[in-house]
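Listed below are the residues making up each chain.
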Amino acid sequence: MRILVLNGPNLGSLGRRQPEIYGTTTLAEIENDLQAQAVALGVDLRFEQSNHEGTLIDLIEEETGRCQACVINPGALAHTSLALADALRGFTGPVVEVHLSNILAREEYRRTSHVAAAAAAVITGAGASGYGLALRTAVQLVGGNTTEPSK
Ligand code: DQA
């Protein structure tokens, strides 16, 4: 199983960007942790981060048919981008949206996500560990096994 892991605008600055809201873990640390989890689950991941809506849409189109699921933190594009949501509707497998902060408990303009309407599941407010939850959810939705072998 291959899964696309996308991060949208400003998520490349995690660790130094508003740490009181988004924590101090960098995107590289999140990706390293996810990669270790993916190895344990027997899943291949492709990681990409872009500050550009069109680049994210191009990546979704490119990986449609190659990846069986998509984990995405769209950043602020969640709240604004119908085009990104439409691209995800055209994606071949389940989409799991993840946000570090709880967007439902923040400013009014963050409480709506266009991407959520195109997603099978949304994980919001679990911090950096939300990415691992999103990965496991994606694997389960595709029908994979998320039980790691006992040591
Ligand atoms: C975010 C929430 C968005 O509202 C915000 O624009 C981000 C980060 C999160 O992970 O909590 O860039 O997606």
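As recorded in an unreviewed UniProt entry, the chain goes by 3-dehydroquinate dehydratase and comes from Candidatus Amunia macphersoniae. As its UniProt record puts it under Catalytic activity (unreviewed entry), the chain is described as follows: "3-dehydroquinate = 3-dehydroshikimate + H2O". Taken directly from UniProt, the Sequence similarities (unreviewed entry) text for the chain runs: "Belongs to the type-II 3-dehydroquinase family."

S.K.: Tell me what's going on with the pairing of strand 1 (residues 2-7), and back it up with residues and numbers.
M.R.: Taking burial as the measure, the 6 residues of strand 1 include 5 buried ones, the bulk of the element. Two strands pair when backbone bridges link them, and strand 1 and strand 2 (residues 44-49) are joined in this way by 6 bridges, in the parallel orientation. In the sheet register, asparagine 7 faces strand 2, and the bridge partner there is glutamine 49. Sheet topology note: the strand 1/strand 3 (residues 69-73) ladder contains 5 bridges and is parallel. Across the sheet, residue isoleucine 3 finds its bridge partner in strand 3, namely alanine 69.

S.K.: Kindly report on the sheet that holds strand 2, identifying the contributing residues and their values.
M.R.: Pairing within the open sheet is parallel, and its 5 strands lie in the order 2-1-3-4-5. Only two strands of the sheet have a single neighbouring strand rather than two, namely strand 2 and strand 5 (121-124). Averaged over all pairs of adjacent strands, the angle between their axes in this sheet comes to 15 degrees, without regard to strand direction. The sheet contact formed by strand 4 (residues 95-99) and strand 5 spans 4 bridges and is parallel. Residue pairing in the sheet places valine 98 in a bridge with isoleucine 123 of strand 5. Running at roughly 175 degrees to strand 1, helix 3 (residues 53-63) makes contact with strand 1 and strand 2 of the sheet.

S.K.: Go over the site of the ligand, please, and point to the residues and values.
M.R.: As a matter of local geometry, the ligand sits amid Arg17, Tyr22, Asn73, Gly75, Ala76, His79, His99, Leu100, Ser101, Ile103 and Arg110. Contact between the ligand and arginine 17: an oxygen atom at 3.0 Å from a side-chain N or O atom of the residue. A distance of 3.2 Å is found between an oxygen atom of the ligand and a backbone nitrogen or oxygen belonging to alanine 76. Computed on the free molecule, the ligand has an accessible area of 320 Å², of which 99% lies beneath the protein chains in the complex. Looking at side-chain class alone, the shell around the ligand contains 4 nonpolar, 5 polar and 2 charged residues.

S.K.: Give a detailed account of the side chain of asparagine 7, specifying residues and quantitative values.
M.R.: One can find asparagine 7 in strand 1. Of the residues examined, asparagine 7 reaches a relative accessible area of 0% and is grouped as buried. The contact partners of asparagine 7, leaving out residues within four places of it in the chain, are Leu27, Glu31, Glu48, Gln49, Ser50, Leu56, Asn73 and Tyr131.

S.K.: Can you explain the packing of helix 2 (residues 27-41) against helix 6 (residues 129-142)? Please cite residues and give values.
M.R.: Their axes nearest at 10 Å, the elements helix 2 and helix 6 cross at an angle of 30 degrees. Note that helix 2 runs across helix 6; the crossing there is right-handed. Listed contacts from helix 6 to Ile30, Leu34, Gln37, Ala38 and Leu41 of helix 2 are Tyr131, Gly132, Leu135, Arg136 and Val139.

S.K.: Would you mind going over the nonpolar core in detail, with residue names and values included?
M.R.: Within the largest apolar cluster, 24 residues are counted, with the highest numbers of intra-cluster contacts made by Ile3, Leu45, Val71 and Leu135. Those elements giving two or more residues to this core turn out to be strand 1, helix 2, strand 3, strand 4, strand 5 and helix 6. Non-local contacts of valine 71, meaning those with residues more than four positions away in its chain, are made with Ile3, Leu4, Val5, Leu6, Val96, Val98, Ala134, Leu135 and Ala138. Counting 19 residues, the second-largest nonpolar core is a separate cluster that includes Leu4, Leu88, Phe91 and Ala118.

Conventions adopted
- Residues numbered from 1 in each chain as written.
- Predicted model: local features only at pLDDT ≥ 70, side-chain atom pairs only at ≥ 80, totals over all residues.
- Heavy atoms only, no water.
- UniProt positions renumbered as here; feature names shortened; annotations may be inferred.
- Buried < 20%, exposed > 50% of the residue type's maximum accessible area, 1.4 Å probe, protein only.
- Helix = DSSP H or I, 4+ residues; strand = E, 2+ residues; numbered from the N terminus.
- Pairing = 2+ DSSP bridges.
- Axes fitted to C-alpha atoms, helices over the stretch in contact; angles between N-to-C directions.
- Contact = heavy atoms within 4.5 Å.
- Near = heavy atom within 4 Å.
- Polar contact = N/O pair within 3.5 Å; in protein donor to acceptor, adjacent residues only side chain to side chain.
- Areas by Shrake-Rupley, 256 points an atom, 1.4 Å probe, with all protein chains shown as cover.
- Nonpolar A, V, L, I, M, F, W, Y, C, P; charged D, E, K, R; others polar.
- Left-handed = near helix turned anticlockwise from the far one by under 90°.
- Core = buried A, V, L, I, M, F, W, Y, C linked by side-chain atoms within 4.5 Å.

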